[in-house]
Amino acid sequence: MATRAQTLLHLDASARRRSFSRELGDAVAAAWRSSRPDGRYVHRDLALAPVPQIAEAWTELCDYVLEHRITDIARYREAVRTPAQAEAWAVVEPLLDELVAADAVLIATPMYNFSVPASLKAWIDQVTFPKMSLAGRRFVVAYARGGAYGPGTPRHPHDHQERYLRDFLTGHFAVPDEAMTFLGTELVNSRTDPALAARREAHDASHAAALAAARDIGRSL
């Protein structure tokens, strides 16, 4: 059995204050905090306090890390050589420190336009460097989307939300599949879109199942 997480980093990316992805993420976090009262909980709201987009100085940091074959995250600061790079590093450092210190990372995100919000992508860009590894950490993604995008649905080929995050976590962070958990609510738009009204029952079932899974996952982290 995997060691239980002592530190949980919780990221929110929804532009809505009351959203299904936030609800699921909160359920995971609440269950974890209840079962782990001695744990350290860190919450970052990427929509309320957006992370800046990367700029040229950040690309220079990346190039230095790659050129000098630096794979130890603690050595990334060696790449800072100019005032502009120091400004870029001042953005990166606290984000990276939170990420590295976490035993488990909870990402609560909606699907926007078939993919993840720009707020989440900006965070990903800031904390990702060449050939880095976050193996040994667990990642939980609590998602919501307006339609149905699961396997076997007509829109499954358009799912660049879960598919993107799975590919990213494996490809850039070296996180194996068994260290990732995805749970989500589908057909959220059945609550507002008349064209999807007939799918409301399916949405309600998806919502209830996701909340139950969120609580179970939170207790097991």
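This text goes with the structure placed above it.
What counts and how
Residues numbered from 1 in each chain as written. Predicted model: local features only at pLDDT ≥ 70, side-chain atom pairs only at ≥ 80, totals over all residues. Heavy atoms only, no water. Core = buried A, V, L, I, M, F, W, Y, C linked by side-chain atoms within 4.5 Å. Buried < 20%, exposed > 50% of the residue type's maximum accessible area, 1.4 Å probe, protein only. Helix = DSSP H or I, 4+ residues; strand = E, 2+ residues; numbered from the N terminus. Contact = heavy atoms within 4.5 Å. Axes fitted to C-alpha atoms, helices over the stretch in contact; angles between N-to-C directions. Parallel < 35°, antiparallel > 145°, perpendicular 65-115°, else oblique. Nonpolar A, V, L, I, M, F, W, Y, C, P; charged D, E, K, R; others polar. Phe/Tyr/Trp six-rings, centres within 6.5 Å; stacked < 30°, edge-to-face > 60°. Pairing = 2+ DSSP bridges. Right-handed = clockwise from strand over helix to strand, strands pointing away.

A. Fine view of the nonpolar core. Tyr76, Leu99, Leu120, Trp123, Phe129, Phe139 and Phe173 are the most contacted members of the largest nonpolar core, which totals 44 residues. Listed by contribution, the elements that provide at least two residues to this core are β1 (7–12), α2 (56–67), α3 (83–101), β3 (104–110), α4 (118–127), β4 (138–144), α5 (162–173) and β5 (180–185). Excluding residues that lie within four positions of it along the chain, Trp123 makes contacts with Leu9, Leu11, Arg44, Leu46, Val51, Leu95 and Leu99. Counting residues in each nonpolar core, the second largest holds 17 residues, with Leu24, Ala210, Leu211 and Ile217 among its members.

B. Examining the packing of α2 against α3 more closely. Interaxial distance between α2 and α3 falls to 8 Å at its minimum, and their mutual angle equals 85°. By the angle between their axes, α2 is roughly perpendicular relative to α3. Here Ala57, Trp58, Glu60 and Leu61 of α2 come into contact with α3, specifically with Ala84, Gln85, Ala88, Trp89 and Val92. For the contact of α2 with α3, the per-class residue count stands at seven nonpolar, one polar and one charged.

C. Molecular detail of the packing of aromatic side chains. For the coordinates displayed, the defined rule picks out six aromatic pairs. Ring plane angle 50° and centroid distance 5.7 Å describe the contact between Trp58 and Phe129, whose orientation is recorded as tilted. Of this pair, Trp58 sits in helix α2 while Phe129 sits in the loop between α4 and β4, placing them 71 residues apart in sequence. Judged by relative accessible area, which is 2%, Phe129 ranks as buried. Through pairs of rings, three or more aromatic residues link up here, namely Phe139, Tyr164, Phe168 and Phe173.

D. A look at the pairing of β5. Counted residue by residue, β5 has six buried out of six residues, so it is predominantly covered. Of the pairings in the sheet, the one linking β4 to β5 comprises six bridges and is parallel in character. Each bridged residue has a counterpart across the sheet, and for Ala144 the counterpart in β5 is Thr185. Each parallel crossover has a hand, and the one from β4 via α5 to β5 is right-handed.

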